[in-house]
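Given next are the chains, with one letter for each unit.
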Amino acid sequence: MPTHNDPMPMIVQGAALVSFVWTCIIVSVQGIGIYKILRNNSAPHAKPFSPTLKKDEIPHITIIRPVKGVEAGLHECLVSTFHLAYPTSKLTIYLCVDSTSDPAYPVLQKVVSAYPEFDAKVLVEEQDPVLHGAGGHIDKLGPNPKIRNISRAYREAKGDVIWIADCNVWLGTNSAGRMVDKLYGFLPNGQRTKPYKFVHQLPLVIDLETPKTATEEEQALLSGPIDTSAPKSPLDYGGRLEEMFMATTHAKFYSAINTVGIAPCVVGKSNMFRKSHLERLTDPAQNPLLPPADAARGRGVDYFSAYICEDHLIGDLIFKSKIPGFKNHGLVHGEVAIQPMSGMTVAAYIARRVRWLRVRKWTVLTATLVEPGVESLLGCLHMAFAFTTLPWFRSFFGIPPTWKAFGTIWFSAITIWMVVDRLLSSKLHKLQSVDVDENTPAFALGSTRTGGIKKKPFLTWFAAWLGREFLALPIWTLAVLLGATVNWRGQNFKVRPDMSVTRLDEAEGTSSPPSTPPMAHGVSSCPSGSKDRLD
């Protein structure tokens, strides 16, 4: 560390100035995110207005829930779709699975049969006439397993509003109404404001560390036993790391970026948009952002079937395409999409984050490259370097350019960061903005309601926080610099620089050719700028 008597090289001062600017950006962005979270997650919000409209004025929603395997809380998450405070006649529900041999298939059948008053179906990909019918072909869509799963549901949607919600998220009672209110610009008092093209929810993970015991009904529905074993070693607590990430770093930046609205920031947990918009925006004849060569590709969600990060790209295309009279993206603040999780190991957490980053590497290259700098360890190093290097801080605050001062500032900043994360995650896990009733499962009751989740003791929480922070840089290095393959929904893919993917043959390690025309032109027309999905 240079002393105050040494001439400070201009390059060092320049680097310190960059670190100072970066510190200001990180503090500002986090401040916005923290403010929005605290403001919007402290109490239930006003009841939505759209469900109270005249019957012929209420927008019809097609809810599409892609399913793959049996996950923690699957039954509760799916059933929440049928407990929405929205007119039954205005809901169409499609539960989508790739095969009747999927372990979740009997669960889906049981759920649908329990609610005969709803317009609900189980749609199976292997029965899709476009892919497997007499006039169909398996290669009519690209390799993206989620798009292949939901393609038929999207084509057969009723009404204009499409709501794609992953099977592993629980939807609050008033979430449908609030999502529609945001999309259409309805205010609680009945007034109207400018509508949005695309609305979504903040995802939140709840780690179920005490596995629930399988009921006889659940056991009968499944082809195999339900894992009810508790974690036995520190390497079994990957769920804590995932829970920590989603309630701290991800929540802060997701809320902030969607508040500022300078770029799309979307994950695929719970997104709502208009089918008419997506059909129009994926047609090169109607959207000048797309090259004429894309005319041969499908419309709607099928347009994205050669990509692994379809949710981000759908949001990105809608964000960048001009539709007069509409705002871009709207985050429905306070209405969180809750994902229960159980049995995740640390290795599974690392694999999950590696997959996420390898997909993001090409969709949002700049954001991915600077990501280590937004984490606490490196972010606070930037602050300490700037404060002990720039002469302003010595002149105005008396901070000496010494290693002792550097270490003190870094440690103090890390401590403050940790305390803020503790307060923020505790606030989110109270789930105070969630409307509860007799149908609300324990994991959605929050930590302050009777029968809800337990608040983690500080030492337990701190161990998870420390583990996540120290794993962030190694995971980023492994994902961004040391590979380009991902495993998603049981299939291996190689992610290309143009963001398209090819399936890999597991036996021989070779790649199969793309199933659709090359998509590089369409992608380059719609560059990304935000975070991507979490499955």
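Residues numbered from 1 in each chain as written. Predicted model: local features only at pLDDT ≥ 70, side-chain atom pairs only at ≥ 80, totals over all residues. Heavy atoms only, no water.

Identification of the chain as Ceramide glucosyltransferase from Triangularia verruculosa is taken from an unreviewed UniProt entry. Recorded under Subcellular location (unreviewed entry), the UniProt text for the chain is reproduced unchanged: "Membrane". Word for word, the UniProt comment on the chain under Sequence similarities (unreviewed entry) is "Belongs to the glycosyltransferase 2 family." (UniProt positions renumbered as here; feature names shortened; annotations may be inferred.)

Note that D294 resides in the loop between α10 (275-281) and α11 (310-320). Of the residues examined, D294 reaches a relative accessible area of 2% and is grouped as buried. When the C-alpha positions of D294 and P284 are compared, they lie 6.4 Å apart, and in sequence the two are 10 residues distant. (Helix = DSSP H or I, 4+ residues; strand = E, 2+ residues; numbered from the N terminus. Buried < 20%, exposed > 50% of the residue type's maximum accessible area, 1.4 Å probe, protein only.)

With that settled, the discussion passes to the pairing of strand β9 (residues 337-341). Across the five residues that make up β9, a large majority, five, are buried. Residues of β9 alternate between two faces, with A337, Q339 and M341 on one and I338 and P340 on the opposite face, all of them buried.

Let's shift gears to the packing of aromatic side chains. For the structure shown, the criterion picks out 17 aromatic pairs. Taking 6.2 Å as the distance between ring centres and 5 degrees as the angle between the ring planes, the aromatic pair formed by F198 and F273 counts as stacked. You can see F198 sitting in strand β5 (residues 196-200) and its partner F273 sitting in strand β7 (residues 270-274), a full 75 residues away along the chain. Like F198, the residue F273 is buried in the burial classification. Among the aromatic residues, those joined into a ring-pair cluster are F20, F387, W392, F393 and F397. One residue, R297, lies across the ring of Y303, its end atom 3.5 Å from the ring centre. (Phe/Tyr/Trp six-rings, centres within 6.5 Å; stacked < 30°, edge-to-face > 60°. Lys NZ or Arg CZ within 6 Å of the ring centre and 35° of its normal.)

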